[in-house]
Amino acid sequence: MREVVVEADGGSRGNPGPAGYGAVVLDPATGETLAEAAEYIGVATNNVAEYKGLVAGLKAARELFPDALVHVRMDSKLVVEQMSGRWKIKHPDMKPLAAEAGRVFPPGRVRYEWIPRERNKHADRLANEAMDAGRRGLQWEPSASTAALDATAARNAATPPPSGPPGDATAGAARARAALTGTAGGTGTGTATAGGAGTDPGGGLGTGTGSGAWPAAVSRPTAPDTAPDDGLSAEPDDGLFAAEEAVAASVASGDFEAEAGATPTAGSTALARTGAAGASAPRQGWSGPDMGAPATFVLLRHGETALTPEKRFSGSGGSDPELSAAGLRQAEAVAEALAARGTVQEIVSSPLARCRQTAGAVAARLGLDVRIEQGLRETDFGAWEGLTFGEVRARYPEDLDAWLASPKAAPTGGGESFATVARRVAATRDRLTAAYAGRTVLLVTHVTPIKTLVRLALGAPPESLFRMELSAASISAVAYYADGNASVRLLNDTSHLR
């Protein structure tokens, strides 16, 4: 009897709010995509969208193989536990959807498994594509989808995932710790370019005390210290931030080195976790196995628009302004500087006009083509688009306070939360690091995506978005290595504009 895997997800931008679902049917042995489904469903809750995604995925599997054995994998604990019969279904909106899902296949032919959100990226991308289409007054079309699994995601369908995606603090942390402490074990030794604690320019976000300590009592300011143009920003109930909140808890207990790869103190739990049966090896310092050339992202914020000097929110849901005269001059200046360096091999740009213009100026100098990547677009600031911070404070004070206090809070009117953007940017990063391994790629994008990439590379908490300055037409850089580590090389370089 044929076995298939169904992965499903759903989301709501507002909970309830504009909602959509995505589902994919996979071959369990190869990870091959057999069918995809996605739909914008109007205003609904996250849980309703998740259930609808489950129903769609099961129906897609039945159309392919009516007698199949189905392995459902979802990151919704609620749906998995309820469909497995361990939790009662009390909500009236869920009961008919659960009943519908239960009728698609006989119960004995379906089993359910909870998986973390980072292993459910394909369905998640489909759900977000459906919601994006709904925002434009359209329905999701398979021909327009970019959610097809890459080779890494295909392998994830058949085998357990690595410890974390490139650039996150948890990925490769054991290797970094082993390199720093000279310990040996099954995790191997670190690499000189692994990007340890605070060794690279632009990596400092404050000072702390103790080994690997994060600054005590980091709090969000009453207003961001960067211009709202392009904002700060990423989804409710996002597993990415749930993991980071767990890291924050370890920081509070002085165990940040366990996540960031800083030198553990003697007898610390981090050292106990990385040791291998008490084995030791000569100290390697910053030497280690050759991980090969990294995928290096040169992160270029676009030049100024008319909204930039006025510090107005300018995201992906507004007027899509073009570069101003000053912005065009900045684009030419950065193009000249990058041409002089001669290291950029590929150019990838956000679809918004200001980035495409900036990327075009560089591409003309370097003789390269520009690839458009939807995942690099700026946050949708909803009703705040075009307003100054003060105007938002006057019109939507409660919404602004909530947005400043939580990465899961969205701007007024159905905009994107920081959590939503972080998830989108992390997925884009994973695709691009796989596609451009060993190459230097110019990513022309916005404040939020750049700050998010830097934040994830450093393993910093969400509030660090408010602690970074990022000027128009500035250059930053992050390198991603084969072992999953990341190294922040540069932050907010504007020397080419002087």
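Everything below is about the structure printed above this text.
Residues numbered from 1 in each chain as written. Predicted model: local features only at pLDDT ≥ 70, side-chain atom pairs only at ≥ 80, totals over all residues. Heavy atoms only, no water.

Trainee: Can you help me understand the overall build of the chain in this one?
Mentor: When helices and strands are counted, the chain shows 15 helices and eleven strands. Accessible area for the chain stands at about 19900 Å²; split by element, carbon and sulfur atoms hold 53% of it. (Helix = DSSP H or I, 4+ residues; strand = E, 2+ residues; numbered from the N terminus. Areas by Shrake-Rupley, 256 points an atom, 1.4 Å probe, with all protein chains shown as cover.)

Trainee: Mind showing me how you'd approach helix α15 (residues 447-458) here?
Mentor: Residues spaced three or four apart along an α-helix point in a common direction, a consequence of the helix completing one turn every 3.6 residues. Compared with an ideal rise of 1.5 Å per residue, which puts twelve residues at 16 Å, α15 spans 17 Å between its outermost C-alpha atoms and is within 8% of the ideal. Buried residues dominate α15, accounting for eleven of its twelve residues. Turning to α15, its buried residues are V447, T448, P449, I450, K451, T452, L453, V454, R455, L456 and A457. G459, located one to two residues past α15, shows a positive phi value of around 70 degrees. (Expected span 1.5 Å × (residues − 1). Buried < 20%, exposed > 50% of the residue type's maximum accessible area, 1.4 Å probe, protein only.)

Trainee: Any chance you could explain the sheet that holds strand β4 (residues 69-74) here in plain terms?
Mentor: Strand pairing in a sheet takes place through backbone hydrogen bonds and is either antiparallel or parallel in direction. If you walk across this open sheet you meet the five strands as β3-β2-β1-β4-β5, and the pairing is mixed. Edge positions in the sheet fall to β3 (33-44) and β5 (110-114), since each of these pairs with one other strand and no more. The sheet shows a mean angle of 20 degrees between the axes of neighbouring strands, direction not considered. In the sheet, β4 pairs with β5 via five bridges, with the strands oriented parallel. By the bridge assignment for β5, H71 is matched with R111. Seen against the sheet, helix α4 (residues 121-135) touches β1 (3-12), β2 (17-26) and β3 and runs at an angle of roughly 140 degrees to β2. (Pairing = 2+ DSSP bridges. Axes fitted to C-alpha atoms, helices over the stretch in contact; angles between N-to-C directions. Contact = heavy atoms within 4.5 Å.)

Trainee: Teacher, can you tell me more about the pattern of salt bridges here?
Mentor: When their charged atoms lie close together, side chains carrying opposite charge are able to pair. A full pass over the atoms with the stated rule returns 23 salt bridges. The closest approach of N and O atoms between R312 and E391, which form a salt bridge, is 3.0 Å. In this pair, R312 sits in the loop between β6 (295-301) and α10 (325-341) while E391 sits in helix α12 (residues 389-395), placing the two residues 79 residues apart along the sequence. Overall, the relative accessible area of 18% leaves R312 in the buried class. In this structure E391 comes out as partly exposed when scored by relative accessible area, which is 26%. Measuring nitrogen to oxygen at the nearest pair gives 3.1 Å for the salt bridge that ties R439 to E346. Here R439 is found in the loop between α14 (418-435) and β9 (440-445), whereas its partner E346 is found in strand β7 (residues 346-349), with 93 residues between them in sequence. We classify R439 as partly exposed; its relative accessible area is 31%. (Salt bridge = Lys/Arg side-chain N within 4 Å of Asp/Glu carboxyl O.)

Trainee: I'm lost on the packing of aromatic side chains in this one. Help?
Mentor: Applying the stated criterion across every chain, the model contains eight aromatic pairs. Taken together, a centroid distance of 5.1 Å and an interplanar angle of 55 degrees make the contact between F297 and Y480 tilted. Taken together, the positions of F297 in strand β6 and Y480 in strand β10 (residues 475-480) put the pair 183 residues apart, joining distant regions of the chain. Judged by relative accessible area, which is 1%, F297 ranks as buried. Taking relative accessible area as the criterion, Y480 reaches 3% and is therefore assigned buried. (Phe/Tyr/Trp six-rings, centres within 6.5 Å; stacked < 30°, edge-to-face > 60°.)

Trainee: How should the packing of α4 against α14 be read in this particular structure?
Mentor: To characterise two packed helices, one gives the angle between the axes of the helices and the distance between these axes. As a packed pair, α4 and α14 sit with axes 12 Å apart at the nearest point and diverge in direction by 125 degrees. Judged on the interaxial angle alone, α14 and α4 are oblique. In this structure, the crossing between α4 and α14 has a hand that is left-handed. Taking contact as the criterion, the partners of K121, D124, R125 and N128 in α4 are, on α14, T420, R423, A427, D430 and R431. Along the lines of polarity and charge, the residues of the contact of α4 with α14 split into one nonpolar, two polar and six charged. (Parallel < 35°, antiparallel > 145°, perpendicular 65-115°, else oblique. Left-handed = near helix turned anticlockwise from the far one by under 90°. Nonpolar A, V, L, I, M, F, W, Y, C, P; charged D, E, K, R; others polar.)

Trainee: Is there a simple way to think about unusual backbone geometry in this case?
Mentor: Most peptide bonds are trans, and most residues other than glycine sit at a negative phi. Here the residue pair N15 and P16 is connected by a cis peptide bond, since its omega of 5 degrees sits within 30 degrees of zero. Mapped onto the elements of the fold, P16 is located in the loop between β1 and β2. Of note in this structure, N15 is not a glycine but carries a positive phi near 45 degrees. Structurally, N15 can be placed in the loop between β1 and β2. Even without being a glycine, D320 presents a positive backbone phi close to 55 degrees. Mapped onto the secondary structure, D320 falls in the loop between β6 and α10.

Trainee: Is there a simple way to explain the environment of A56 in this structure?
Mentor: Position of A56 among the secondary structure elements: in helix α1 (residues 46-64). Among the residues examined, A56 registers a relative accessible area of 13% and is labelled buried. Each C-alpha atom of the pair A56 and A101 lies 8.6 Å from the other, and the pair is 45 residues apart in sequence. Ignoring sequence-local partners within four residues, the contact set of A56 consists of Y21, A23 and A37.

Trainee: What is the right way to read the sheet that holds strand β11 (residues 486-493) from this model?
Mentor: One open sheet holds the six strands; their spatial order is β8-β7-β9-β6-β10-β11, and the pairing between them is mixed. For this open sheet the edge positions go to β8 (370-372) and β11, each flanked by a neighbour on one side alone. Taking the axes of each pair of neighbouring strands and ignoring which way they run, one obtains an average angle of 20 degrees across the sheet. Sheet topology places β7 next to β8; three bridges connect them, and they run parallel. Bridge pairing in β8 links I347 to V370.

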